[in-house]
Amino acid sequence: MKRSPKDSAESARKITRRGLILGGGMVGFMGLLGARMRYMQVDQADEFRLLAEENRVNIRLIPPARGEIFDRNGRTIARNEQTYRIVMVREDTDDVDETIRELSRIVKLDPDELEKAMAEMKRSAPFLPITLADRVSWEDISRVALNAPALPGVTPEVGLSRLYPLGPDFAHVVGYVGPVSDYDLSKMEDPDQVLRIPRFQIGKVGLEAKMEDQLRGKAGARRVEVNAAGRVMRELSRREGTEGTNLQLTIDHMLQNYVQARMAEESAAAVVMDTRNGDILAIGSTPSFDPNLFVRGISVADYRDLTENKYRPLANKTVQGTYPPGSTFKMVVALAGLEAGVVTADKTYYCPGHLTVSGRRFHCWKGGGHGHVNIEKSLQQSCDVFYYELAMEVGIEKITEMAQRLGLGIRHDLPMSAVAQGLTPTKAWKQEVRGESWLIGDTVNSAIGQGFVLSSPLQLAVMTARLASGRAVVPRLVKSIDTVEQEIAEAASLGINENHLRLVRHGMYQVSNSQRGTAYSNRIEPKELRMAGKTGTSQVRNITAAERARGVTRNDQLPWERRDHALFVNFAPYDNPRIAVSVVVEHGMGGSTAAAPIARDITLQALFGDDPPLDAYPRKDHGRIATQQEKLREMRPPEDSRGRSRA
């Protein structure tokens, strides 16, 4: 069929259109190809040059700087120090053993540290840097840098490590950091990747552990060019991390040092609280230890010395230790009786030196007895029989209710390790825990802080602060976070009749300021600073009837671990309470002889802010106190301006 001229022209136009579309597509494709080639040859030239030279780009984490810790006045308690170390990346060397042999010819490597490093290398990812030597000198770093071509995968680095400039003074409060362990990682659901860097330091105990998330910060990252020999050629980019949060504590480092030094020869604990807002001004446990030893890796010998010491230096006795409160518990029983209407200021009980209950004789510490005793006299002279009688009338339930209102038997929320709850028993508790019924003898024992009752020095300080203020003061350890002051909620009223509180406070005043008071020899002389206190002595052994018949063995004739604990609590000044103090001396034998002198000295130091004048003490003590002050001044930390401007 012959095509018409019109059809031929239409067909020619279609062919031309297809040609244009096809040609346009080819031109576009060539343009894209050209652009891609330019991008690869010009824009990515450096990247391909790395590949051509067998180099590669690695991403490496930058550990964040850990937050620092300061005392209430800005003195540094925990900070970071710059250290030099030598690290190796396993995937950057063909022969790990040969590289380490070559390195050992250049710098001295500790065999134990090297063994730990090899173990870490086997269980870590091949791209993670492993520390072969830590805290090396600048000369060692220089030698490694000069010999870098012969040490593939080995890199000298500058890092940060924790330092505790005040050493043992804050060991039990702040704790210490150490390398992340498999056990640490096992406790976390989704561990931060920075924690997988071998020997990265995290808090192990104390405040360092409890506030780990705030102190750690966030890791940064850097892209580095690494050649075929494993040597870092240059840094391509860097993203800085976020430093950890700085913390300021309520503790005064000078008072803390005094507390530690004053108790240095004892196995003891002391807590100093501000009665107005709950700030912990000092919280000391002795003996202590140097936390820097754990940061650097404590030796077997040093660790054995700590664990085998019968005074238990690793234990924080202020919050972990729980002790029978002894006669310091008598204020609790007195207030329970007053609030229940069982006793009044004038009511007396007769003390012949003992009381027989259900066929068992309960003794007063004074064998001849105290005669007729009211509340004030019972506190002043610490009569036991008064409280035996009162407790049986009040009952254990009301006694425990009052104890908890005053802060005993409660786990206070502080960022410290293993804060104990203590024990204020009830009938239901004994049945549930021991499967036994409550006996009247249990109530009698509890009346003088023995039997099942257990309290920590922290709880005793809280109890004393609440007695002094009449308010439910809550202990506080962290003053500010990154300079932001932490809010202090106003303490609620205890809901205890103020007249009852005054009566008990005056009884405590008599303890320290009446000539017949059990702590009169450890009084404070200036009237405007006088303290109100209470001695306590708690038994750690049973005294059998046979022993009483032949004569009770004196404490100083017993082995140390079988002697009574010594306790003392107080607040001052009596007319305007600012300071509450508790002291426990393990196996110190007597509250009036072992704990009261320490508490009095700590109280005066806290009130004056420095060494008190000698006329604050009884005249008979002036010579001894002068010698003591001179000795303790030698134990003070040197002045350190670093950190004062940071907090």
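Scroll up a little and you will see the structure.
Calculation rules
- Residues numbered from 1 in each chain as written.
- Predicted model: local features only at pLDDT ≥ 70, side-chain atom pairs only at ≥ 80, totals over all residues.
- Heavy atoms only, no water.
- Helix = DSSP H or I, 4+ residues; strand = E, 2+ residues; numbered from the N terminus.
- Rg over C-alpha atoms; globule rule 2.2 N^0.38 Å.
- Buried < 20%, exposed > 50% of the residue type's maximum accessible area, 1.4 Å probe, protein only.
- Contact = heavy atoms within 4.5 Å.
- Areas by Shrake-Rupley, 256 points an atom, 1.4 Å probe, with all protein chains shown as cover.
- Lys, Arg positive; Asp, Glu negative; His and termini not counted.
- Charge placed at Lys NZ, Arg CZ, Asp CG, Glu CD.
- Salt bridge = Lys/Arg side-chain N within 4 Å of Asp/Glu carboxyl O.
- Axes fitted to C-alpha atoms, helices over the stretch in contact; angles between N-to-C directions.
- Parallel < 35°, antiparallel > 145°, perpendicular 65-115°, else oblique.
- Left-handed = near helix turned anticlockwise from the far one by under 90°.
- Arc of directions from axis to C-beta.
- Expected span 1.5 Å × (residues − 1).
- Pairing = 2+ DSSP bridges.
- Phe/Tyr/Trp six-rings, centres within 6.5 Å; stacked < 30°, edge-to-face > 60°.

Caption draft 1: Structural detail: the overall build of the protein. What the protein contains, in helices and strands, is 23 helices and 21 strands. A globule of 647 residues ought to have a C-alpha radius of gyration of about 26 Å, yet the protein, at 36 Å, is considerably larger. Seen along its three principal axes, the alpha-carbon backbone of the protein occupies a region of about 140 × 75 × 50 Å. Among the 647 residues that make up the protein, the fraction classed as buried is 52%. Sequence-distant contacts, at least 24 apart, represent 72% of the contacts inside the protein between residues at least 6 apart. For the protein, the accessible surface area stands at approximately 30,600 Å², while carbon and sulfur atoms represent 50% of it. Of note, the protein has its 87 positive side-chain charges centred 3 Å away from the centre of its 82 negative side-chain charges.

Caption draft 2: Main features of the pattern of salt bridges. What the rule picks out here adds up to 36 salt bridges. For Glu98, the salt bridge goes to Arg101, with nearest N and O atoms at 3.0 Å. Of the two residues, Glu98 and Arg101 both sit in helix H3 (residues 96-106), three residues apart, roughly one turn of that helix. We classify Glu98 as partly exposed; its relative accessible area is 33%. Residue Arg101 is classed as partly exposed on the basis of its relative accessible area, which comes to 42%. Among the ionic pairs, Lys330 bridges to Asp384, the shortest N-O distance being 2.7 Å. You can see Lys330 sitting in helix H13 (residues 330-340) and its partner Asp384 sitting in helix H15 (residues 384-394), a full 54 residues away along the chain. Since its relative accessible area comes to 0%, Lys330 is described here as buried. Beyond isolated ion pairs, a larger network of salt bridges with shared partners links Arg66, Arg162, Asp192, Glu208, Glu212, Asp213 and Arg216.

Caption draft 3: Summary view of the packing of H13 against helix H20 (residues 498-513). Look at H13 against H20: their axes get within 10 Å of each other, and the N-to-C directions meet at 150 degrees. Taken as axis vectors, H13 and H20 run roughly antiparallel relative to one another. The two elements H13 and H20 cross, and the hand of that crossing is right-handed. Contacts from Met331, Ala334, Leu335, Leu338 and Glu339 of H13 reach H20 at His500, Leu501, Leu503, Val504 and Met508.

Caption draft 4: Seen up close, helix H16 (residues 396-405). Regarding H16, the residues found buried are Ile396, Ile399, Thr400, Met402 and Ala403. The buried residues of H16 occupy an angular sector of 160 degrees when the element is viewed end-on, so they sit on one face. Contact partners of the buried residues in H16: H13, H15, helix H17 (427-434) and helix H18 (440-447). Gly407, located one to two residues past H16, shows a positive phi value of around 100 degrees.

Caption draft 5: Quick peek at helix H19 (residues 457-469). Over its 13 residues, H19 extends 18 Å from the first C-alpha to the last, a length consistent with the 18 Å expected when each residue adds 1.5 Å. Taking burial as the measure, the 13 residues of H19 include twelve buried ones, the bulk of the element. The complete set of buried residues in H19 reads Pro457, Leu458, Gln459, Leu460, Ala461, Val462, Met463, Thr464, Ala465, Arg466, Leu467 and Ala468. Gly470 sits one or two positions beyond H19 and adopts a positive phi of about 75 degrees.

Caption draft 6: Expanded view of the pairing of strand S12 (residues 280-286). Counted residue by residue, S12 has seven buried out of seven residues, so it is predominantly covered. Two elements, strand S11 (residues 268-274) and S12, share six bridges in a ladder whose sense is antiparallel. Following the sheet pairing, Val272 is matched in S12 by Ala282. Hairpin connection between S11 and S12: a loop of five residues separates the two successive antiparallel strands, and Gly278 in this loop has a positive phi of roughly 85 degrees.

Caption draft 7: The packing of aromatic side chains, seen in detail. Following the criterion strictly, the structure yields 13 aromatic pairs and no others. Ring pairing ties together the aromatic residues Tyr176, Phe289, Phe294 and Tyr303, which thus form one cluster.

Caption draft 8: Geometry of the environment of Gly284. For Gly284, the location among the structural elements is in strand S12. Here the alpha-carbon distance between Gly284 and Val462, two residues 178 residues apart in the chain, equals 15 Å. Residues in contact with Gly284, not counting those within four places in the same chain, are Gln256, Val259, Gln260, Met263, Ala268, Ala269, Ala270 and Thr318.

Caption draft 9: How the structure looks around unusual backbone geometry. The omega torsion of the bond from Thr286 to Pro287 falls at -5 degrees, within 30 degrees of zero and hence cis. Within the secondary structure, Pro287 sits in the loop between S12 and helix H11 (292-296). Cis geometry is adopted by the peptide bond preceding Pro573, which originates at Ala572 and carries an omega value of -15 degrees. Locating Pro573 in the fold gives a position in the loop between strand S20 (565-572) and strand S21 (579-585). You will see that Arg312, though not glycine, has its phi angle at about 55 degrees, which is positive. Relative to the elements of secondary structure, Arg312 occurs in the loop between helix H12 (300-307) and H13. Even without glycine at this site, Ser358 takes up a positive phi of about 50 degrees. If you trace the backbone, Ser358 turns up in the loop between strand S14 (354-357) and strand S15 (360-363).

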